[in-house]
Amino acid sequence: MSDAEWVVVRTALPVPAWMDGRGGRPECYCHRQLIDAIRYLVDNGVKWRNMPADFPPWKRVYAFFRRWRDHGLVREFHDPLRERVRRTEGRDAEPTAAIIDSQSVKADATVKNDSRGFDSGKKNNGRKRHVVTDCLGLVLTVLVTPASTTDRDAARTMLPPLRETCRKLKLVWADGSYTGYLVDWAAQALDLALQVVKRSDDTSGFTVLHAGGSSNAASPG
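Residues numbered from 1 in each chain as written. Predicted model: local features only at pLDDT ≥ 70, side-chain atom pairs only at ≥ 80, totals over all residues. Heavy atoms only, no water.

Draft legend 1. Representation of the overall build of the chain within the structure. Scanning the chain from terminus to terminus reveals six helices and six strands. Taken from N to C terminus, the helices and strands of the chain fall in the order α-α-α-α-β-β-β-β-α-β-α-β. Sorting the 221 residues of the chain into buried and exposed places 34% on the buried side. Counted over contacts in the chain with a minimum sequence separation of 6, partners at least 24 positions apart contribute 51%. (Helix = DSSP H or I, 4+ residues; strand = E, 2+ residues; numbered from the N terminus. Buried < 20%, exposed > 50% of the residue type's maximum accessible area, 1.4 Å probe, protein only. Contact = heavy atoms within 4.5 Å.)

Pasting the structure below:
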């Protein structure tokens, strides 16, 4: 990352326990190097063991990432940066509207059977990633499931905790795979308007769908 990016990222990092008088020992490597290594892995899709020698040893990078993941520090780091971007774009830090969707991904033969499934709609044997973003496309929450998990079931898992963290959220746009009981459940259980935007039967390939307004969410953003 650039020096300008690091200035922003550094202030968003949680204070290490040893620097805050809570015990522990200093990291053997600079946090900037560790974060750069994680960004490289995510961007290039390489295995942890294939981390280039320019970065710290992969075991140290993975240990750093795993500790952050298990203690919820990834969200603590990510959310303030998202809020900063939203303010830069002239929006409130917390969104009032969101978009939910999913994508099935074919799994490699090494993926265990108990974490994979068959998506009959997409004809994929693998996993499915469910993503909720704000209107700028910034990630709010992610869930990875076997591809056999329906979008409605995944949404029932994702939306309650999202409603707790994004208290101003009032409207969620979704495609036709989220129709049915989920619309009524979201309204009654979460006070959340789930607006399904359907594509026409003669549409093929990627097409931007325009959602109509909703009386339940003023000036969604």
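Draft legend 2. Structural view of the environment of Asp70. When you line up the elements, Asp70 lands in helix 3 (residues 58-70). A distance of 3.0 Å separates the side chain of Asp70 from the side chain of Arg69, its partner in a polar contact. (Polar contact = N/O pair within 3.5 Å; in protein donor to acceptor, adjacent residues only side chain to side chain.)

Draft legend 3. Expanded view of the packing of helix 1 (residues 3-12) against helix 4 (residues 73-88). The interhelical angle for the contact between helix 1 and helix 4, taken along N-to-C directions, is 125°, at an axis separation of 9 Å. Here helix 1 lies oblique to helix 4, going by the angle between them. Crossing hand, helix 1 versus helix 4: right-handed. Listed contacts from helix 4 to Val8, Val9 and Ala12 of helix 1 are Glu76, Phe77, Leu81 and Arg84. Partitioning the contact of helix 1 with helix 4 into residue classes produces five nonpolar, no polar and two charged. (Axes fitted to C-alpha atoms, helices over the stretch in contact; angles between N-to-C directions. Parallel < 35°, antiparallel > 145°, perpendicular 65-115°, else oblique. Left-handed = near helix turned anticlockwise from the far one by under 90°. Nonpolar A, V, L, I, M, F, W, Y, C, P; charged D, E, K, R; others polar.)

Draft legend 4. Structural view of unusual backbone geometry. Positive phi values are uncommon outside glycine, yet Asp191 reaches one of about 55°. Following the sequence through the fold, Asp191 ends up in the loop between helix 6 (181-190) and strand 6 (193-196).

Draft legend 5. Geometry of the pattern of salt bridges. All told, the structure shown has ten salt bridges when counted by the stated rule. In this structure, the salt-bridge partner of Arg82 is Asp79, at a minimum N-O distance of 3.1 Å. Linking Arg82 with Asp79, this pair stays in helix 4, spanning three residues, or about one helical turn. Like Arg82, the residue Asp79 is buried in the burial classification. With a closest N to O distance of 2.9 Å, Asp191 and Lys170 form a salt bridge. Placement of the pair is Asp191 in the loop between helix 6 and strand 6 and Lys170 in the loop between helix 5 (151-165) and strand 5 (171-174), with a sequence separation of 21 residues. A residue is classified by how much of its surface remains accessible, and Asp191, at 48% relative accessible area, is partly exposed. (Salt bridge = Lys/Arg side-chain N within 4 Å of Asp/Glu carboxyl O.)

Draft legend 6. Inspection of helix 3 at higher detail. Relative to the 18 Å expected for 13 residues at 1.5 Å per residue, helix 3 spans 18 Å between its end C-alpha atoms, a close match to the ideal helical length. Of the positions making up helix 3, those classed as buried are Val61, Ala63, Phe64 and Trp68. Considered in projection along helix 3, the buried side chains sweep an arc of 160° and stay on one side of the axis. Turned more than 90 degrees away from the buried face of helix 3, the exposed residues are Lys59 and Asp70. Buried-residue contacts for helix 3 involve helix 2 (31-44) and helix 4. Positive phi shows up at Gly72, right after helix 3, with a value of about 70°. (Expected span 1.5 Å × (residues − 1). Arc of directions from axis to C-beta.)

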